[in-house]
Amino acid sequence: MRLESWRTLTKGAALSAAIALALPAAVRADEFKLSNNQRISCSRGLSPGKLTTATCRSYAYLFNAKTSEYFRCAVSLAMTRDNKEVINVQTDGGCSKRARIFETDGNYEFDAAETEPPNTNSFFGPGGYAIWASDVGSRKLRGCITIASGLGSDVSKCLDMTFD
């Protein structure tokens, strides 16, 4: 009786393993991946009345590894200050859908790089940086820019991307 129980248990385990191995291929969901080459470019300008404006912009790509459709995403931060304080901070951004790269579904990988104009990151201090964070299992993306205000504390804003 023990031998028969062992055979039944072994057959059940083998069947369960076979189903578990076959299931991911049959029920594979869309997988979104964030590009590895985000870039940031910053510029500065002088306004009337001794105001200075710094603007930083960053781009990233969110790629559907199954369908090969992708979104080009951008986030920007503009900071206006005088000699004593930050007067205004504005953020903008979003993602625009691009065409599929391949006609059929598959298991794709993706990376992208942006060209950028001459970079002047040291306008008020050590400069700025951009961080992109993506949820691998869904189309959720946040772009963040941090720039030095030159007044002791950095200005940092994050923006959740909207998809058109």
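Now for a quick tour of the structure. (Residues numbered from 1 in each chain as written. Predicted model: local features only at pLDDT ≥ 70, side-chain atom pairs only at ≥ 80, totals over all residues. Heavy atoms only, no water.)

### Focus: the overall build of the protein chain
From N to C terminus, the protein chain includes 1 helix and 8 strands. In the protein chain, 60% of the contacts between residues at least 6 apart in sequence involve partners at least 24 apart. As presented, the protein chain carries roughly 10,400 Å² of accessible surface, and 53% of it is formed by carbon and sulfur atoms. (Helix = DSSP H or I, 4+ residues; strand = E, 2+ residues; numbered from the N terminus. Contact = heavy atoms within 4.5 Å. Areas by Shrake-Rupley, 256 points an atom, 1.4 Å probe, with all protein chains shown as cover.)

### Section: unusual backbone geometry
With glycine set apart, most residues show a phi of negative sign, and most peptide bonds adopt trans. Its identity is not glycine, yet Ser68 carries a phi of approximately 70°, on the positive side. Along the chain, the position of Ser68 falls in the loop between β3 (51-64) and β4 (70-81).

### Quick word on the state of the cysteines
The full count for this structure, using the stated rule, is 3 disulfides. Disulfide partner of Cys73: Cys95, at an S-S distance of 2.0 Å. On the sign convention where negative is left-handed, the bridge of Cys73 and Cys95, at about 110° about the S-S bond, is right-handed. Taken together, the positions of Cys73 in strand β4 and Cys95 in strand β5 (residues 86-98) put the pair 22 residues apart, joining distant regions of the chain. Here the two residues Cys73 and Cys95 agree in accessibility, since each one is buried. Across the disulfide from Cys144 sits Cys158; the S-S distance is 2.0 Å. Between Cys144 and Cys158 the sulfur-sulfur dihedral comes to about 110°; the bridge is accordingly right-handed. (Disulfide = S-S within 2.5 Å. Buried < 20%, exposed > 50% of the residue type's maximum accessible area, 1.4 Å probe, protein only.)

### Some thoughts on the pattern of salt bridges
A side chain with one charge may pair with a side chain of the opposite charge, provided their charged atoms come close. What the rule picks out here adds up to 3 salt bridges. Arg142 is paired through a salt bridge with Asp160; the nearest N and O atoms lie 2.6 Å apart. Linking Arg142 in strand β7 (residues 140-148) with Asp160 in strand β8 (residues 154-160), this pair joins segments that are 18 residues apart in sequence. (Salt bridge = Lys/Arg side-chain N within 4 Å of Asp/Glu carboxyl O.)

### A look at the nonpolar core
Formed by 21 residues in total, the largest nonpolar core has its most connected members in Trp132, Leu141, Ile147 and Met161. Of all the elements in the fold, those that place two or more residues in this core are β1 (32-34), β2 (39-47), β3, β4 and β7. The element best represented in this core is β4, accounting for 5 residues. In this structure Met161 touches Cys73, Ala74, Val75, Gly93, Gly94, Cys95, Trp132, Leu141 and Gly143, once residues within four positions along its chain are discounted. Tyr61, Tyr70, Phe110 and Ala112 belong to the second-largest nonpolar core, a separate cluster that totals 6 residues. (Core = buried A, V, L, I, M, F, W, Y, C linked by side-chain atoms within 4.5 Å.)

### Looking at the pairing of β8
Two faces make up the sheet, and in a regular strand the side chains alternate between them. Across 7 bridges, the pairing between β7 and β8 is antiparallel. What sits directly across from Ile147, in β8, is Val155. Where β7 folds back on β8, the antiparallel hairpin that results is connected by 5 residues, among which Gly150 adopts a positive phi of roughly 80°. (Pairing = 2+ DSSP bridges.)

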